Amino acid sequence: MRFTGRLPGHRPVPPNFASEGGPALLIDARTLPNNHLLQTDVCIIGAGAAGIALATEFASRPFRVLVLESGALEPDAETQSLYRGTNLGLPYFPLEVCRLRYFGGTTNHWGGTCIPFDAMDFEKHQWIPNSGWPFLKSTVDPFYPRALAFVPLRHVEWDPHYWAEPDKPLLSFASRRVTTVVGQQAVWRSSRFGITHRDTVTHAPNITVCLHANATQFEADPTLKRVTRLHGASLSQNRFAVKARLFILAAGAIENARLLLLSNTRYPAGLGNQNGLVGRFFMEHPIIPSVALFKPSNPQLPMRFYHVHTVKRSLINAGLSLSQEVRREERLTSVNIGLETFYDGPYERAFQSQGLRSFHHLLKRLRRAQVPDEFSKHLSNVISDVDDLAVAAYGRARFGDNYPIDRIKLSATLDPVPNPDSRVTLGPQRDQLGQRRVQLDWRLTPLDNQSLHRTLEIMGLEFGRAGLGRLQITIDDRVTALAANVQAAYHHMGTTRMHDDPKQGVVDKNCLVHGLQNLFIAGSSVFPTAGSGTPTVMIVALAFRLADHVKREMQ
Amino acid sequence: MTPQTKRRQILADLFWFGVLVMSRPGDAWGTLHRRRPDATALGLAGFPRHEESACVIGREYLRNVREEADRDILLNLLGHPAVWVDEGGLRSHLRSQIRRDFAEERVVRLHGWILSVTESRLCALTALAPPTGHG
C-alpha cells in the first residue's frame, strides 16, 4: 500500500532528485488540505541520522512507512528558525546553528569522525552516578558492521597497530596505562545521509516522505497506553494528523524531549514524563581546546601518526586515552586527549604561511596536469613568501618529515557524567507554529573536572616515565575554569534516556517509551551515557537494532 | 636573535652548570671550560631551562615542602656527594634518580608541570641560590 494517488499534496520528483529507481514518493505538507489525516503503519518523525537509517531498513518491507520531515531537501531559513531556543547553562552554540532541520538532518554538517564506544561505556560504575546502559556492548556489537558500512567507513579496524606505519609510529609508553585511540573519517560526502541514502528511502515502494511536516503534539488514548495520533502543521499553517500503528520519534535529542513535553493535553507534564525525566540528563561531549603543553625530550619525536593523515585510503586521526584498567583503578570517567604539534619558530611560521599552502596547491594541480585555479593569486603568494618556502625546504632536507618540535598542545574531550540537572525544558517563547521553544541548561559536574585533571596528571607521569618529555597542565583545576573554557561538539544526547526502570529512564532497552505500547524513540536522546566514542555510528547501530525489533513486531 | 636574547639563551643554557658549581665547584668548573652544555643538559629536556622559570617552580615546591627549604638538606636529598665523581657521573646519577622517581610515581605538580621530585628539588635549589644577575 502506498499513498500515491490518494494523497493530496503529492508532488512530482524535483529535477535534482531523479533516479533510476522510479518516481520518488515525496509529498509536501504545505499542500495538504487542512486537517488532513494521513494513515500508515509506521510513522518516523525526523529524517536525520536515526530516521534515515530506520527508513532504509524498512524499505520494501510489507508495511507502510511515512517519514515526516520538517524541512525540505535543501535548507531554508524559516524552517531552521524553528530550532531557536534559549541557553541558560554553560556557554553553548545558538540552538538553530548546532543542528540542521532538513532532509538528512544534522548529518548535513557532520564532520564525519567516528570513534567507537568501548565496553566500559556500557557498564554501571559505582563512582559515576547514573552510569550504565541496560545492556552490554556485546548487545550492540552485531549491529556495528552494518552501521559502519552505512556511514560509511572503509575499514572496521580500530586497533592503532593496524594503522601505524614505519614512518608514523605510535608513541611508545613504558606501561599500558596510556593507549592510543584512533578515529576514522567517514568517506567524504557519503556521510551526508540525506544525499547518500535519499534514493533508498524515497524510491522504496512502501515509503512516503512528507516534507515541510512539523510534528506538534502526540495524542494518547485516555489510558495513556497508546499514541492514537500525531498532530502536525506546516509553516503555511495547514494542520494535519497521522494515524499509525507505531510511531518512532527520531527528531534529535533536543526536539525529541520538546515534542514529548509539548504533548501535554492529557498529561500536563508531557507524554512519557510521568517520572519527570523527559529532557533531563542532557549531555554533550565537552571539548576543552587547550588543557596542557607537552615538551618532548627529543625535538624530533615522530608525531605524524597523531596528525590527521591518510592510511589505506582512509583519513584517520589519533589521540590518547587512559586504559580501562586505569580508569577503573582511579575511578575516572573517560577523557580523550588530542595532540596538536607546533614546530620550532621559523618552521611553524613557514607552515602557516599562505605561500607554502599556495605552493602545495600549485604542485598538486600541476602533478595532475590541471590548470590551477586562481593561478596568479597563488603565484603571488609563493613569491611573497619565498623566504618561508626556503625555510620549509631547508627543514625538509635536514630533518625529513620530523621537523624540530617546539611544543605539543593537548586538547581534551570528556565523556560527561550523566547529570539530571543538565536539561532541556520548555521556555515561555513560542515559534511560528505557536509551539513553546526550548531552554537548554547544559551543566557539568565536579567529577568531570576531577577526571580531566587526574587524567592529565597520569599522562604527565607516563610521558615522564617513558622518557618522552614533560607535561605542563595549563588549565586551572577549579570547576569554574572548566566552565569558562568548555566548547561542545554538536552531540546532543540523553534527554530520553534508556533504562529498565521507568523511574530512571524514559525508554526501555528496546527504545519503547515506558508505559506506552506504540511509541519508540531513536537517536542519541536514548543514550544513558555519552560514551568515549562519537555518537553517529552508535545512533545508526541502535536504529538498526530498533528496526529489527519493529520488523518483528510488524510481522 | 638579538645580542641580548642570545646572551640570555647562553646564560640559560649555562644555568644547569650553575647547579653543578654550587654542588661540586671543582668538577663543574672543569667541565664548564671544556664544552658548552646542549639543550638536553642533565637529560632534563622539556624541563625549564630558564633560571626564572626554575626559580618560580622551586619556590612553589618550597612553599609546599617547607622542611626542605635549606640548601644542604636539598643537596643531601639529591644524592650522596660520593657518587658525584664528575659531570658525567652527576648527570647519570640524576638521570637514574629521575627515572626512578617516575617509575615509583614520586612526581609533583608545580605550576602545572608534572615533575619528578628530583627535578623539583633541583628547581628548589635554584630558587635558594643567589641570583645570577643576568638579563
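Each remark here, short or long, concerns the structure printed above.
Residues numbered from 1 in each chain as written. Chains lettered and ligands numbered in written order. Predicted model: local features only at pLDDT ≥ 70, side-chain atom pairs only at ≥ 80, totals over all residues. Heavy atoms only, no water.

Points about the packing of helix α4 (residues 71–78) of chain B against helix α6 (residues 117–128) of chain B
All names here are of chain B. The interhelical angle for the contact between α4 and α6, taken along N-to-C directions, is 155°, at an axis separation of 10 Å. Here α4 is positioned roughly antiparallel relative to α6, judged by the angle of their axes. For the pair α4 and α6, the sense of crossing is left-handed. On the side of α4, the interface is formed by Arg71, Leu74, Leu75, Leu77 and Leu78, while α6 contributes Thr118, Arg121, Leu122, Ala124, Leu125 and Leu128. The residue makeup of the contact of α4 with α6, split by class, is eight nonpolar, one polar and two charged. (Axes fitted to C-alpha atoms, helices over the stretch in contact; angles between N-to-C directions. Helix = DSSP H or I, 4+ residues; strand = E, 2+ residues; numbered from the N terminus. Parallel < 35°, antiparallel > 145°, perpendicular 65-115°, else oblique. Left-handed = near helix turned anticlockwise from the far one by under 90°. Contact = heavy atoms within 4.5 Å. Nonpolar A, V, L, I, M, F, W, Y, C, P; charged D, E, K, R; others polar.)

Here's the deal with the side chain of Asn256(A)
Residue and element names in this part refer to chain A. Looking at where Asn256 falls in the secondary structure, it is placed in helix α8 (residues 253–262). At 2.7 Å, the side chain of Asn256 forms a polar contact with the backbone nitrogen of Ala251. If we skip the residues at most four places from it in the chain, Asn256 touches Leu249, Ala250, Ala251, Thr496, Ile521, Ala522 and Ser525. (Polar contact = N/O pair within 3.5 Å; in protein donor to acceptor, adjacent residues only side chain to side chain.)

Regarding the interface of chain B and chain A
With 16 residues of chain B at the contact, the number on the chain A side is 16 residues. Interface area, chain B with chain A, both sides summed: about 1,400 Å², of which 54% is carbon and sulfur. At the junction of chain B with chain A, the criterion picks out four salt bridges. Of the charged contacts in the structure, one is a salt bridge between Arg470(A) and Glu119(B), with a shortest N-O distance of 2.7 Å. Between chain B and chain A we count nine residue pairs in polar contact (both at pLDDT 80 or more) in total. Elements supplying a minimum of two residues to the side of chain B that touches chain A: α5 (87–103), β1 (107–110) and β2 (113–116) of chain B. Class assignment of the residues belonging to the side of chain B that touches chain A gives a composition of nine nonpolar, four polar and three charged. (Buried area = accessible area lost by both parts, 1.4 Å probe. Salt bridge = Lys/Arg side-chain N within 4 Å of Asp/Glu carboxyl O.)

Regarding a nonpolar patch on the surface
Among the surface-exposed residues, Phe375(A), Leu379(A) and Ile383(A) lie close enough to one another that they form a single nonpolar patch of about 280 Å² accessible area. Within the fold, Ile383(A) resides in helix α12 (residues 375–384). (Patch = residues over 30% accessible without salt bridge, like charges linked within 9 Å, V, L, I, M, F, W, Y side chains within 5 Å. Areas by Shrake-Rupley, 256 points an atom, 1.4 Å probe, with all protein chains shown as cover.)

Comments concerning unusual backbone geometry
Excluding glycine, most residues fall at negative phi; most peptide bonds, likewise, are trans. The step from Val151(A) to Pro152(A) runs through a cis peptide bond, and the omega angle for that step is -10°. Its location among the elements puts Pro152(A) in the loop between α4 (144–150) and α5 (160–163). Phi at Arg331(A) takes a positive value of approximately 60°, unusual for a residue other than glycine. If you trace the backbone, Arg331(A) turns up in the loop between α9 (324–330) and β14 (335–343). Judged by relative accessible area, Arg331(A) falls into the partly exposed class, the value being 42%. Although it is not a glycine, His111(B) adopts a positive phi angle of roughly 50°. Along the polypeptide, His111(B) turns up in the loop between β1 and β2. (Buried < 20%, exposed > 50% of the residue type's maximum accessible area, 1.4 Å probe, protein only.)

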